[in-house]
Amino acid sequence: MDGARVQLGDTMGDAVSRIRFAPGSNNLLISSWDSVLRLFDVDGCVLRVRAPSDGVLLDCCFEDEKAALSASSDGCIRRYDFCSETQTIVGNHDDSVTCIDHSKETGQFISAGLDKKMMFWDLHTKNGHAGCTQVINVYDLRNLRVPVQIKESSMSYQIRCVRSFSSCEGYASGSVDGCVALEYFDPSKSHEMGCVFRCHPKSKSGRCHFVTVNDIGFHPCSDTFVTGDNEGYAIIWDIQSKKRLYELPRYPCSVASLSYNHRGQLLAVSSSRTYQEAHEVEEAPQIFIHAMENVAKPSSRSS
């Protein structure tokens with residue numbers, strides 16, 4: 001389970017903000033605080049794309065195998081065409097864009113920023129529809145007039161990340177005090193199976209010390225997920241029992257981002273500063289790739 005460190009062939013000048021595997025290949029998308037978007041071919045160990053831009057890149061996502069999007073501190077959403085090696089601004093916020101994602105089913109991408117807006121974009125029309133949220137809103141992307149569910153957060157502290165289950169039955173949120181909440185869209189399942197549990201408490205001098213959960217990744221073919229925290233730990237969990245299955249060796253820096261490949265055979269982990277805490281280790285950012293064949297439980301769902 002020891003991961004192989006990825007040799008990008010291109011030194012990252014600042015922290016990694018996000019890593020994402022492609023929807024159908026082992027290409028890894030990397031956004032960084034050095035304002036560069038990178039596309040790395042894990043199978044070939046080759047850096048395929050290096051695309052500098054204006055502004056710190058705070059998030060990224062694939063549109064498909066040929067294009068990607070980034071969220072930037074300058075308020076811009078950029079689209080990168082890997083075939084033509086061009087980039088265009090396809091949307092804007094009034095402040096830094098902090099996160100972005102894409103819906104394959106509807107063709108939309110969704111962005112959120114420090115302007116307190118969540119925007120839904122259609123690349124065909126380039127029109128964005130704004131929403132604003134202080135709770136967790138669940139939307140049907142075919143009808144954005146109102147959310148289908150509005151859920152008060154189960155957390156006692158600030159939410160750091162929210163990720164959907166691979167089965168699309170619910171979502172998990174991670175908080176700054178080391179907790180993860182599992183919620184289901186079906187109210188009966190949420191009542192029976194939803195929970196909040198402390199997954200990243202550490203003991204210091206006999207006291208419980210809570211560590212921020214930076215990212216959560218769901219295995220695409222089994223009922224397991226992985227969490228990464230601000231002290232360099234990544235832990236794989238069973239979604240049914242909420243018990244830990246495996247703790248990966250500690251990383252040099254915070255676990256800033258995690259991503260499974262489309263078949264769940266590989267797990268990418270970025271070890272990088274997150275600029276959340278003053279005492280974070282200031283090591284150069286690194287990316288590790290782990291083989292998952294001996295960790296993931298047999299799937300109860302088809303792959």
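Overview of the structure. (Residues numbered from 1 in each chain as written. Predicted model: local features only at pLDDT ≥ 70, side-chain atom pairs only at ≥ 80, totals over all residues. Heavy atoms only, no water.)

This next bit is on the overall build of the protein chain. In terms of regular secondary structure, the protein chain is built from one helix and 28 strands. Taken across its 303 residues, the protein chain has 51% of its residues classed as buried. Residue pairs at least 24 apart in sequence account for 42% of intrachain contacts in the protein chain once pairs closer than 6 positions are excluded. Here the protein chain has roughly 14600 Å² of accessible surface; of this, 47% comes from carbon and sulfur atoms. (Helix = DSSP H or I, 4+ residues; strand = E, 2+ residues; numbered from the N terminus. Buried < 20%, exposed > 50% of the residue type's maximum accessible area, 1.4 Å probe, protein only. Contact = heavy atoms within 4.5 Å. Areas by Shrake-Rupley, 256 points an atom, 1.4 Å probe, with all protein chains shown as cover.)

Our focus in this paragraph is unusual backbone geometry. The backbone of Cys168 shows a phi angle near 65 degrees, a positive value even though the residue is not glycine. Counting through the fold element by element, Cys168 comes out in the loop between β16 (159-164) and β17 (170-175). Phi angles above zero are rare outside glycine, and Tyr275 is one such case at about 65 degrees. Structurally, the position occupied by Tyr275 is in the loop between β27 (266-271) and β28 (286-291).

What follows concerns the nonpolar core. Among the nonpolar cores identified, the biggest contains 15 residues, and Val180, Leu182, Ile216 and Phe225 are the most heavily contacted of them. Looking at this core, the elements that each hand over two or more residues are β18 (179-184), β22 (213-218) and β24 (234-238). Contacts of Leu182, omitting those with residues within four sequence positions, involve Phe165, Tyr171, Ala172, Gly194, Cys195, Phe197, Phe225, Ile239 and Lys242. One finds Ile30, Phe40, Val42 and Ile287 within the second-largest nonpolar core, a separate group that totals 14 residues. (Core = buried A, V, L, I, M, F, W, Y, C linked by side-chain atoms within 4.5 Å.)

Turning next to the sheet that holds strand β25 (residues 244-247). The antiparallel open sheet is built from four strands, whose spatial order is β22-β23-β24-β25. Among the strands making up the open sheet, the edge pair consists of β22 and β25. Averaged over all adjacent pairs, the angle separating strand axes in this sheet is 20 degrees, with direction ignored. In this structure, strand β23 (residues 224-229) lies alongside β24, joined through five bridges in antiparallel fashion. Across the sheet, Val226 pairs through a bridge with Ile236, a residue of β24. (Pairing = 2+ DSSP bridges. Axes fitted to C-alpha atoms, helices over the stretch in contact; angles between N-to-C directions.)

Among the structural elements, Ile216 can be located in strand β22. C-alpha separation for the pair Ile216 and Val226, spaced 10 residues apart in sequence, amounts to 5.6 Å. Contacts of Ile216, omitting those with residues within four sequence positions, involve Cys161, Arg163, Ala172, Ser173, Gly174, Val180, Phe225, Val226, Thr227 and Leu258.

Along the polypeptide, Asp229 turns up in strand β23. A polar contact is formed between the side chain of Asp229 and the backbone nitrogen of Gly232, at a distance of 3.1 Å. (Polar contact = N/O pair within 3.5 Å; in protein donor to acceptor, adjacent residues only side chain to side chain.)

Our focus in this paragraph is the pattern of salt bridges. Within the structure shown, the criterion is met by 11 salt bridges. Note that Arg18 and Asp59 form a salt bridge whose closest N and O atoms lie 3.0 Å from each other. Within this pair, whereas Arg18 is found in strand β2 (residues 16-21), its partner Asp59 is found in strand β6 (residues 57-64), the two being separated by 41 residues in sequence. Both residues of the pair, Arg18 and Asp59, count as buried. Measuring nitrogen to oxygen at the nearest pair gives 2.8 Å for the salt bridge that ties Asp215 to Arg163. Of this pair, Asp215 sits in strand β22 while Arg163 sits in strand β16, and the two are 52 residues apart along the sequence. Its relative accessible area of 1% is what places Asp215 among the buried residues. Taken together, the shared-partner salt bridges in this structure form one network comprising Arg18, Arg20, Asp59, Asp101, Arg163 and Asp215. (Salt bridge = Lys/Arg side-chain N within 4 Å of Asp/Glu carboxyl O.)

Here the focus is the side chain of Ser31. Locating Ser31 in the fold gives a position in strand β3 (residues 27-32). A distance of 2.7 Å separates a polar atom in the side chain of Ser31 from a polar atom in the side chain of Ser17. Those residues in contact with Ser31 that lie beyond four places of it in its chain are Val16, Ser17, Arg18, Val36, Leu37, Leu57, Leu58, Asp59 and Cys60.

Time to look at the sheet that holds strand β5 (residues 46-52). Strand order in the open sheet formed by four strands is β2-β3-β4-β5, and the pairing between neighbours is antiparallel. Each end of this open sheet is capped by a strand with a single partner; those strands are β2 and β5. Adjacent strand axes in the sheet meet at a mean angle of 15 degrees when their direction is disregarded.

This part is about the pairing of β16. Where β16 and β17 come together, five bridges link them in antiparallel fashion. Within β17, the residue paired with Ile159 across the bridge is Ser175. A loop of five residues connects β16 with β17, the two strands running antiparallel in sequence, and Cys168 in this loop sits at a positive phi of about 65 degrees.

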